[in-house]
Amino acid sequence: MNVGKAILSGVFWNVLQEVISRSAGFFIKLLLARLLFPEDFGLIGMATVFISFIQVFNDIGMNAALVQRKEELLDDKHYYTSFWTGIIWSGVIYALIYFLIAPLIVDFYNEHKLLAIVRVLSLSILFSPLVSIQRAILTKRFDFKKLSFISFSTSIAAGIVAIILAFLGYGVWALVFNVVTPVILSIPLYFMATSFIPKFIWDKKAFQDIFGFGVFTTGSSLLIKVTSQMDYLLVGKLVGKISLGVYTFAFIVTEMIRAQIINVFTKVMYPIFSKDQDNTEKLKYYYLELLKVISLVIIPPMLLLIYFTTGLLTFLFGHKWDAAIPIVKIFAWAVIIHMPLVSITAMIRGSGKPKTELNFQFIRALVFYLPLIFIGTYYYGIMGTAWAHLIAKVLTVIFGIYLLNKLFGITPMEILKEVKSSLLIGLIPFAIFYIFNFPFSWYFELIIYLVVLGAAYMLFAKNTIERYIKLFRSYLKK
C-alpha cells in the first residue's frame, strides 16, 4: 500500500470508527449524565487519576517501539518477547494495585468506596497486554479497518452495559464497567484479526532492542499523564468529589472532543511518520497538511460551543451541570490555542527522536503545567484550575512552535498560514452574533449561526473540502 492510499484508508476507517463510536458515545454520555450525578463522575475521576499513571508503565513502550522500528529490523522473537514481558509485567502491576495502591488511594482521598472501584477498574491493566502486540501488528500493516471495527464494536457494547447498570441503579459502577468492558471484549477479536499465536520464546537481545526505545516513550507517556491527570488529582484532593465531577464533565465536553479527533489522525500518522522518518521535507508536509485539516474540523465548532455553551448544556444535561458552563468555555479556548501542536509528539517519536520527545514533555509538565495547576487549584478552586490549564497551553504552544522550527524547519508563519482559513471561518459567525447580540431564542440563533458558518466554510475552505471529498471518493471506488 502506498503512503497516500495508506493515509486515506487509515483516515477513512478511523473517521468512520469515531463517527459511530462518538455518536453512540454521545448518546450514552447523555443518558448517563441524566441518570447519574456529579458525585458519581467525581468518584470515577478520583480512581482514574492513579490508574492512568500506573497504566503508563504497563506497556513500557513496547507497542510504540514495534510500530516505529523498520520491518527489516524486526523478527518473530521481538513480538514473542514483547508479549510475554507484557503479560508478566501486568500481573506484577495488578498485584501492587490490588494489595498496596488501592488502600493508599482510599487513604489519600478518605473515600472508602474507592477500594472496590480501583480494583475492578484495574482489570483493564491486567488484560491489556493480551491485545497490545496485536494492535502493533495491525498498525504496522496499516489495517485500520480491523482496528476500527474492534474499537467501535466494543465501545458500543460497553455503552449498552453501562446504560443497563445505570437504569438498574448501580450508580458509579455503570461508569466503571464502561471502562473495563471494551478491554475484555476486544481480546478474542484481536486474536482473530491477527491470527497471532504467541510461542514460549523470550529473547534477551530482542528485549533490549525494544526496551531501549520504549524507555524514552514510557517516560514521555508518564509526563503526558502527569499533565493530563494532575488537575484531576488536585481538584479531587483540595476541592472535593462533586467539584471534580463538574470539572470532569467540562473536560469531556471540550478537551475530549479535541483529543478524539486528533487521535483519529495520530493513529494513522504515527506509522506514516515512522515510515518516512529520514525525510524531513515529507514530515513537514504531512504535519502542515494535518494541521490544516484538523483546524477546519475543530476551531469553528469550538467557537460555536463557546457562544452556545449555556443553552446547549442546559438543554442536553439539565441545570445540575450549570457549574460546568464557565469551565467549558475556558477549555474550549484552550483547545483552539493548542491547535498548532496537533500531532507534535507523534512526529517527534516517529522520526526516531524519543529522547527529544521526553525532554519536551518534561518541560511541558514540570515547568509549565504542574506549578500553574497547583497554584490555580489551591487558591481559586476549579475556576483557578481551568485558567491555569489555559495559561499552560499558551506556554506549551510557544515552546512547541520553537521545537517544530528547530527540528523540522516549520516556521510560525507556515503554521499561521494553515490555520488562517479555520480562524476566519470560526470567527466570522462568532463575531457577528457576539457584537449584535440578537434577541432570539438560543435554538433559533443556533440555526442561523449554522447557516452563516456553512457559508463561511464554502467561502474560505471550498477548495480544500472538495479536494478531500474527491480523494475519498477515489479511494472508495477502489
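Look up: the structure comes first, before these words.
Rules used throughout
Residues numbered from 1 in each chain as written. Predicted model: local features only at pLDDT ≥ 70, side-chain atom pairs only at ≥ 80, totals over all residues. Heavy atoms only, no water. Helix = DSSP H or I, 4+ residues; strand = E, 2+ residues; numbered from the N terminus. Buried < 20%, exposed > 50% of the residue type's maximum accessible area, 1.4 Å probe, protein only. Contact = heavy atoms within 4.5 Å. Areas by Shrake-Rupley, 256 points an atom, 1.4 Å probe, with all protein chains shown as cover. Phe/Tyr/Trp six-rings, centres within 6.5 Å; stacked < 30°, edge-to-face > 60°. Lys NZ or Arg CZ within 6 Å of the ring centre and 35° of its normal. Core = buried A, V, L, I, M, F, W, Y, C linked by side-chain atoms within 4.5 Å. Polar contact = N/O pair within 3.5 Å; in protein donor to acceptor, adjacent residues only side chain to side chain. Expected span 1.5 Å × (residues − 1). Axes fitted to C-alpha atoms, helices over the stretch in contact; angles between N-to-C directions. Parallel < 35°, antiparallel > 145°, perpendicular 65-115°, else oblique. Left-handed = near helix turned anticlockwise from the far one by under 90°. Nonpolar A, V, L, I, M, F, W, Y, C, P; charged D, E, K, R; others polar. Salt bridge = Lys/Arg side-chain N within 4 Å of Asp/Glu carboxyl O. Patch = residues over 30% accessible without salt bridge, like charges linked within 9 Å, V, L, I, M, F, W, Y side chains within 5 Å.

Points about the overall build of the protein
Then, number 1: Secondary structure summary: the protein contains 19 helices and zero strands in total.
Then, number 2: Sorting the 478 residues of the protein into buried and exposed places 54% on the buried side.
Then, number 3: Here the contacts in the protein between residues at least 6 apart in sequence split such that 84% fall between residues at least 24 apart.
Then, number 4: Accessible surface for the protein amounts to roughly 21,300 Å². Of this, 70% is attributable to carbon and sulfur atoms.

Examining the packing of aromatic side chains
Then, number 1: Counted under the stated rule, the structure contains 29 aromatic pairs.
Then, number 2: A ring pair is formed by Tyr98 and Phe99, whose centres lie 5.0 Å apart and whose planes are at 65°; its orientation type is edge-to-face.
Then, number 3: For Phe99, a relative accessible area of 64% puts it in the exposed group.
Then, number 4: Clustering of aromatic rings is evident, with ring pairs tying together Tyr307, Phe308, Trp333, Phe430, Phe433, Tyr434 and Tyr449.
Then, number 5: Cation over ring: Arg119 sits above Tyr98, and NZ or CZ is 4.1 Å from the ring centre.
Then, number 6: The ring centre of Phe108 lies 4.8 Å from the NZ or CZ of Lys237, which sits over that ring.

Concerning the nonpolar core
Then, number 1: Among the nonpolar cores identified, the biggest contains 107 residues, and Leu114 and Leu404 are the most heavily contacted of them.
Then, number 2: The greatest single-element share of this core, amounting to 20 residues, is contributed by helix α13 (residues 280–317).
Then, number 3: Residue contacts for Leu114: discarding those within four places in its chain leaves Leu43, Met46, Ala47, Ile105, Val106 and Tyr109.
Then, number 4: Ranked by size, the runner-up nonpolar core spans 10 residues in total, among them Leu66, Leu74, Phe196 and Ile210.

Focus: the environment of Ile105
Then, number 1: As for its position among the elements, Ile105 is in helix α4 (residues 76–109).
Then, number 2: Judged by relative accessible area, which is 1%, Ile105 ranks as buried.
Then, number 3: For Ile105 and Ala47, which are 58 residues apart along the polypeptide, the C-alpha to C-alpha distance reads 7.7 Å.

Let's talk about the side chain of Thr154
Then, number 1: Tracing the sequence through the fold places Thr154 in helix α8 (residues 144–167).
Then, number 2: On the basis of relative accessibility, which here comes to 6%, the residue Thr154 falls in the buried class.
Then, number 3: In terms of polar contacts, Thr154 uses its side chain to reach the backbone carbonyl oxygen of Ile150, at 2.7 Å.
Then, number 4: Setting aside chain neighbours within four positions, we find Thr154 in contact with Pro182, Leu185, Ser186 and Leu189.

Examining helix α11 (residues 241–253)
Then, number 1: With 13 residues, α11 should cover 18 Å at 1.5 Å per step; its first-to-last C-alpha distance of 18 Å lies within 8% of that length.
Then, number 2: Regarding α11, the residues found buried are Leu244, Gly245, Val246, Tyr247, Thr248, Phe249, Ala250, Phe251 and Val253.

Quick notes on the packing of helix α5 (residues 114–121) against helix α9 (residues 172–194)
Then, number 1: Between α5 and α9, the least distance of the axes is 9 Å, while the angle of their chain directions is 20°. Overall, the two elements α5 and α9 adopt an arrangement that is roughly parallel. Seen along the crossing, α5 lies across α9 with a hand that is right-handed. When α5 is examined against α9, the residues Ala116, Ile117, Val120 and Leu121 are found in contact with a partner set consisting of Val172, Trp173, Val176, Phe177, Val179 and Val180.
Then, number 2: Its residues assigned to classes, the contact of α5 with α9 comprises 10 nonpolar, no polar and no charged.

A word on the pattern of salt bridges
Then, number 1: For the structure shown, the criterion picks out five salt bridges.
Then, number 2: Between Glu289 and Arg467 there is a salt bridge; the shortest N-O distance is 2.7 Å. Here the residue Glu289 occupies a position in helix α13, and Arg467 occupies one in helix α19 (residues 462–477), the gap between them amounting to 178 residues.
Then, number 3: A salt bridge links Lys292 to Glu418; its shortest N-O distance comes to 3.8 Å.

Quick notes on a nonpolar patch on the surface
Then, number 1: Where nonpolar side chains cluster on the molecular surface, the patch consists of Ile88, Trp89, Val92, Leu96, Tyr98, Phe99, Leu100 and Leu104 and spans about 790 Å² of accessible area.
Then, number 2: As for its placement among the helices and strands, Val92 is situated in helix α4.
Then, number 3: When its relative accessible area of 39% is taken as the criterion, Val92 is described as partly exposed.

A short note on the environment of Gly240
Then, number 1: Topologically, Gly240 is positioned in the loop between α10 (204–238) and α11.
Then, number 2: The spatial distance from the C-alpha of Gly240 to the C-alpha of Ile382 is 10.0 Å, given a sequence separation of 142 residues.
Then, number 3: Once residues lying within four places of it in the same chain are set aside, the contact partners of Gly240 are Met46 and Val235.

A word on helix α7 (residues 129–140)
Then, number 1: In a regular helix each residue adds 1.5 Å, so 12 residues correspond to 16 Å; α7 covers 17 Å between its end C-alpha atoms and thus fits that length.
Then, number 2: Of all 12 residues that make up α7, 10 are buried, and the element is covered over most of its length.
Then, number 3: Downstream of α7 by a residue or two, Phe142 has a phi angle that is positive, lying close to 60°.

Brief notes about unusual backbone geometry
Then, number 1: Phi is positive for Asn110, close to 55°, though the residue is something other than glycine.
Then, number 2: Relative to the helices and strands, Asn110 resides in the loop between α4 and α5.
Then, number 3: The phi dihedral of Ser195 falls on the positive side, at around 60°, and the residue is not glycine.
Then, number 4: Within the secondary structure, Ser195 sits in the loop between α9 and α10.
Then, number 5: Looking at Ser195, the relative accessible area reads 57%, which means it is exposed.

Thoughts on the side chain of Thr309
Then, number 1: Mapped onto the secondary structure, Thr309 falls in helix α13.
Then, number 2: Taking the relative accessible area as the measure of exposure, Thr309 reaches 0% and is therefore buried.
Then, number 3: Reaching out from Thr309, the side chain makes a polar contact with the backbone oxygen of Leu305 at a distance of 2.4 Å.
Then, number 4: Side-chain polar atoms of Thr309 contact the backbone oxygen of Ile306, separated by 3.4 Å.

Just geometry here; none of it tells us what the structure is for.
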